[in-house]
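Here is what each chain is made of, one letter per residue.
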Amino acid sequence: MSVLGARHERRWAIGILAGLGALAFLPLLVRRDDVLNFIFLILLSITLAQSWNIVAGYAGQVNLGHAAFFGLGALVARTLWIGGTPIGAGMAAGALVATLFALLIGVAAFRLRGAYFAIGTLALGEILRTTVNNALPEISTLPARTIATYRLTERYYLALTLAAISVLAVAALAGSRLGLGMRAIREDEEAAEASGVGALKLKLTALALSTGLAGLAGGLFAFYHISYYPSHPFGPHWTFDALLMTFIGGVGTLHGPVLGAVLYVVLKEYVALRWVDFHLLIFGALFIAIVLLLPGGLVQAAARVRRLVGR
């Protein structure tokens, strides 16, 4: 990354973190749970999108099984939390399980490349979803005493913290030697290996960081919902939501997933309410248009606008 690019990323990191810091005062100013709930969904989406962006945007490995690690984080955290473990410890355990499982699978999966890797990870996610659905078919509901003490503000601040951690993690990665090595693999893996870059080690590092954040996001999901089917967090839509948000914003950038998460959640909430029967078709058309016209997402669109204004 050039010096100018590094400065640009640092400015975005500072701006995003300042914005997240300002959101810390929102519960003190707004008493409406629907507003806090909406911002919570954006914050959760930022963490999920940034986690997918690490392995796909920086290391160039399109993971279509991201929901498997999100779901593992949710399953472990929910089980431990209901059993009496503090939610922080439960989320950390869920992230650890997701990471270890990812590394175990990654050693074999990274021998596949291109579409084969993507298809393999998609199959992994579906296998886990089917297994959990068969093993745990009943709905998971919090105990009555826990529901009685449920506070949305606790979930909100936890989501805010995770979003900030995800941004800091990607910012640190982008400016490090690890990040440069991952970019080299993304551009040309054979050339990177020929120049001495340990491709497998770096890809596993990216996968560990990615799935660790996904596991934490899954734990947050488990802490947020009063009831849901255990197989729900393993659904493929969690993978494709992360993919859409990252591509809409700008894959391989720090601020792209943040912009994509904000736009995606806003559009999703608006379109799903206004056009219930057609919202999936609208999102599909939007994604195709962005990929064809703006492959760099909103980041590329903003750069084009700046160039036009400069002229």
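What counts and what doesn't
- Residues numbered from 1 in each chain as written.
- Predicted model: local features only at pLDDT ≥ 70, side-chain atom pairs only at ≥ 80, totals over all residues.
- Heavy atoms only, no water.
- Helix = DSSP H or I, 4+ residues; strand = E, 2+ residues; numbered from the N terminus.
- Rg over C-alpha atoms; globule rule 2.2 N^0.38 Å.
- Buried < 20%, exposed > 50% of the residue type's maximum accessible area, 1.4 Å probe, protein only.
- Contact = heavy atoms within 4.5 Å.
- Axes fitted to C-alpha atoms, helices over the stretch in contact; angles between N-to-C directions.
- Parallel < 35°, antiparallel > 145°, perpendicular 65-115°, else oblique.
- Left-handed = near helix turned anticlockwise from the far one by under 90°.
- Nonpolar A, V, L, I, M, F, W, Y, C, P; charged D, E, K, R; others polar.
- Core = buried A, V, L, I, M, F, W, Y, C linked by side-chain atoms within 4.5 Å.
- Expected span 1.5 Å × (residues − 1).
- 1 Å grid on protein atoms, 1.4 Å probe; cavity = no way out; pocket = protein on both sides within 12 Å on 5 of 7 lines; lining within 4 Å.
- Points joined across faces, edges and corners; volume = space filled by probe spheres on them.
- Salt bridge = Lys/Arg side-chain N within 4 Å of Asp/Glu carboxyl O.
- Polar contact = N/O pair within 3.5 Å; in protein donor to acceptor, adjacent residues only side chain to side chain.
- Phe/Tyr/Trp six-rings, centres within 6.5 Å; stacked < 30°, edge-to-face > 60°.
- Lys NZ or Arg CZ within 6 Å of the ring centre and 35° of its normal.

## Topic: the overall build of the protein chain
1) Next: Across its full length, the protein chain carries 15 helices and 2 strands.
2) Next: Computed over its C-alpha atoms, the radius of gyration of the protein chain comes to 19 Å, within 12% of the 19 Å expected for a compact globule of 311 residues.
3) Next: The principal-axis extent of the C-alpha atoms belonging to the protein chain is close to 60 × 45 × 35 Å.
4) Next: Looking at the protein chain as a whole, 45% of its 311 residues qualify as buried.
5) Next: Here the analysis covers contacts within the protein chain between residues at least 6 apart in sequence; of these, 79% occur between residues at least 24 apart.

## Some details on the packing of helix α4 (residues 66-82) against helix α11 (residues 199-224)
1) Next: Orientation of α4 relative to α11, taken along the N-to-C sense of each, is 50 degrees, at an axis distance of 7 Å. Between α4 and α11, the interaxial angle falls into the category oblique. At the point where α4 passes α11, the crossing takes the right-handed sense. Packed against α4, whose contacting residues are H66, F69, F70, G73, A74, A77, R78 and W81, the element α11 presents S210, T211, A214, G215, A217, G218, G219, F221, A222 and F223 at the interface.
2) Next: When the residues that make up the contact of α4 with α11 are grouped by side-chain class, the tally is 10 nonpolar, 7 polar and 1 charged.

## Some details on the nonpolar core
1) Next: In this structure, L20, L43, I46, V167, M182 and L220 are the most contacted members of the largest nonpolar core, which totals 83 residues.
2) Next: Ranked by residue count, the leading element in this core is helix α3 (residues 33-58), at 14 residues.

## Considerations on helix α12 (residues 236-249)
The α-helix advances 3.6 residues per turn, and as a result positions three or four apart in sequence lie on the same side.
1) Next: The end-to-end C-alpha distance of α12, which contains 14 residues, comes to 20 Å, matching closely the 20 Å that a straight helix rising 1.5 Å per residue would cover.
2) Next: Among the residues making up α12, those that are buried are W238, T239, D241, A242, L243, L244, M245, T246, I248 and G249.
3) Next: Directly after α12, the chain includes G250, whose backbone phi takes a positive value near 145 degrees.

## A short note on empty space enclosed by the protein
1) Next: Under the counting rule described, the total for this entry stands at 2 cavities of 30 Å³ or more.
2) Next: In this structure, the largest cavity encloses a volume near 50 Å³.
3) Next: Here the lining of the largest cavity takes 4 residues from helix α5 (residues 87-109), the largest share from any one element.
4) Next: Residues that form the lining of the largest cavity fall into these classes: 7 nonpolar, 3 polar and no charged.

## Considering the pattern of salt bridges
1) Next: Following the criterion strictly, the structure yields 6 salt bridges and no others.
2) Next: For R155, the salt bridge goes to E154, with nearest N and O atoms at 3.6 Å.

## Quick look at the side chain of S231
1) Next: Looking at the element boundaries, S231 is found in the loop between β2 (227-228) and α12.
2) Next: At 3.4 Å, the side chain of S231 forms a polar contact with the side chain of N133.

## Let's talk about α3
1) Next: Spanning 26 residues, α3 covers 36 Å between terminal C-alpha atoms, matching the ideal 38 Å at 1.5 Å per step.
2) Next: Most of α3 is tucked away: 20 of the 26 residues are buried.
3) Next: Looking one or two residues past α3, G60 carries a phi angle of roughly 75 degrees, positive in sign.

## A word on the packing of aromatic side chains
1) Next: Under the counting rule described, the total for this entry stands at 9 aromatic pairs.
2) Next: On the basis of an interplanar angle of 65 degrees and a centroid distance of 5.0 Å, the ring pair of F221 and Y228 is categorised as edge-to-face. Each member of the pair, F221 as well as Y228, is classed as buried.
3) Next: Between the NZ or CZ atom of R155 and the centre of the ring of Y150, over which it lies, the distance is 3.9 Å.
4) Next: Taking the ring centre of F223 as reference, the NZ or CZ of R155 above it sits at 3.8 Å.

## Considerations on the layout of surface pockets
1) Next: Its volume calculated, the largest pocket comes out at about 310 Å³.
2) Next: Around the largest pocket, the lining comprises 16 residues; the ones closest to its centre are L41, S45, W238, D241 and K268.
3) Next: Elements that contribute at least two residues to the lining of the largest pocket include exactly α3, α11, α12 and α13 (256-274).
4) Next: For the lining of the largest pocket, the class distribution of residues is 9 nonpolar, 4 polar and 3 charged.

## A word on the environment of L41
1) Next: Structurally, L41 is set in helix α3.
2) Next: Sequence-wise, L41 and A159 are 118 residues apart; in three dimensions their C-alpha atoms are separated by 8.5 Å.
3) Next: Not counting the four nearest positions on each side in its chain, L41 is found in contact with Y224, V265 and E269.

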